[in-house]
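Examining the three-dimensional arrangement
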Amino acid sequence: MAAEAWKLEAIAKLIEGRIVDDSDRVEVCVKGSLLGFPITLESFRAGWPFGVTFFLEIGDLSEGPKPVDPDALNMTFYPRMTRGLYSFFARLLLLESKGQPIDEPRIKSNFLVAYNTRDLAERFVHFPGVLEKILKLEHYAKFSELVIRTDAGISLSVPQNFNALEMDVAKESIQCISELGQIMFDNFQ
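This is a predicted model, so every value here is computed, not measured. (Residues numbered from 1 in each chain as written. Predicted model: local features only at pLDDT ≥ 70, side-chain atom pairs only at ≥ 80, totals over all residues. Heavy atoms only, no water.)

**Here's the deal with the packing of aromatic side chains**
One pass over the full model with this rule turns up six aromatic pairs. Between Phe111 and Phe143, the ring centres sit 5.7 Å apart and the planes meet at 5°, which makes this aromatic pair stacked. Of this pair, Phe111 sits in strand β6 (residues 111-115) while Phe143 sits in the loop between α5 (130-141) and β7 (145-149), placing them 32 residues apart in sequence. For Phe143, a relative accessible area of 1% translates into the label buried. Between the aromatic rings of Phe124 and Phe188, the centroid separation amounts to 5.4 Å while the plane-to-plane angle is 70°, which identifies the pairing as edge-to-face. Residue Phe124 is located in helix α4 (residues 118-126), and its partner Phe188 is located in the segment after α6 (167-187); the two are separated by 64 residues in the primary sequence. (Phe/Tyr/Trp six-rings, centres within 6.5 Å; stacked < 30°, edge-to-face > 60°. Helix = DSSP H or I, 4+ residues; strand = E, 2+ residues; numbered from the N terminus. Buried < 20%, exposed > 50% of the residue type's maximum accessible area, 1.4 Å probe, protein only.)

Quick look at the structure:
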C-alpha cells in the first residue's frame with residue numbers, strides 16, 4: 001500500500017520541508033525543520049504493521065550517528081503496559097520490568113525509564129515544561145518509545161502506521177518534540 005500523497009505533502013508543508021525519495025531504505029521520508037531544528041519523519045512502509053518515527057536533530061549528525069557522549073543525557077521512555085494495582089501483578093509475573101528509579105510520580109506511574117546518568121535524568125524531567133510535553137506526547141501520539149539524547153536529538157516512535165496517522169497527531173507530535181528540542185538545546189548542551 002503506497003503512502004497517501006496528500007498526507008506527505010501536508011506534513012512537508014507543516015515542517016517547511018520536502019518529500020524525500022529514499023525508497024531503497026524507507027517508503028516514507030519527509031525532511032524539514034521547525035524552530036530551527038532539522039526534523040525527519042520516516043516509516044519503513046506506509047501501511048500496517050509498520051509505525052512512524054519522528055527524528056529531531058540537535059547536534060551535527062551530517063556524518064551519521066555519533067557515539068553517546070558520556071557527559072550527555074541518554075534517556076528512554078516506554079509507556080507502561082499496566083498501571084495502578086495491576087502493575088504490581090505485571091511485575092510479579094515478569095510481564096513488565098520496574099524500570100530505573102526516577103523521583104517524579106507521574107513519570108513512575110506512566111512510563112518505564114532507562115537512562116545513563118540519574119542526576120541528569122532527574123534534572124531533565126524536573127525542568128519546567130518537560131514533564132508536560134512528555135505527558136502530552138503520550139496522550140496524543142501514544143508513543144511506543146521516546147529517546148532523548150541531549151548531544152544528538154530526539155527520536156519518537158509511534159505504533160500507528162503512516163496511512164492511519166491523523167494529521168492532528170502528527171502536528172502535535174512535531175510541535176512537542178520541537179519544543180523539547182529547544183529546551184534541550186538551551187539548557188542541556
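**Things to note about the packing of helix α1 (residues 5-14) against α6**
The N-to-C vectors of α1 and α6 enclose an angle of 25°; their axes lie 11 Å apart at closest approach. As summarised for this structure, α1 and α6 are arranged roughly parallel, according to the angle between their axes. The handedness of the crossing between α1 and α6 is right-handed. Counting all contacts with α1, which are made through Trp6, Lys7, Ala10, Ile11 and Leu14, the residues of α6 involved are Met167, Ala170, Lys171 and Ile174. Along the lines of polarity and charge, the residues of the contact of α1 with α6 split into seven nonpolar, no polar and two charged. (Axes fitted to C-alpha atoms, helices over the stretch in contact; angles between N-to-C directions. Parallel < 35°, antiparallel > 145°, perpendicular 65-115°, else oblique. Left-handed = near helix turned anticlockwise from the far one by under 90°. Contact = heavy atoms within 4.5 Å. Nonpolar A, V, L, I, M, F, W, Y, C, P; charged D, E, K, R; others polar.)

**What to know about unusual backbone geometry**
Geometrically, the link from Trp48 to Pro49 is a cis peptide bond, its omega value of 10° lying close to zero. We note that Glu16 has phi near 50°; this positive angle belongs to a residue other than glycine. You can see Glu16 is positioned in the loop between α1 and β1 (18-19). Positive phi outside glycine occurs at Leu35, with the angle close to 55°.

**Describing the pattern of salt bridges**
Enumeration over the complete set of coordinates arrives at seven salt bridges. Arg118 is the partner of Glu122 in a salt bridge, and the nearest nitrogen-oxygen pair spans 3.2 Å. On the criterion of helical spacing, the pair formed by Glu122 and Arg118 is a turn pair, its members being four residues apart in helix α4. The exposure class assigned to Glu122 is buried, which follows from its relative accessible area of 14%. As a salt-bridge pair, Arg149 and Asp151 come within 3.2 Å of each other at their nearest N and O atoms. In terms of burial, Arg149 and Asp151 fall into one category: buried. (Salt bridge = Lys/Arg side-chain N within 4 Å of Asp/Glu carboxyl O.)

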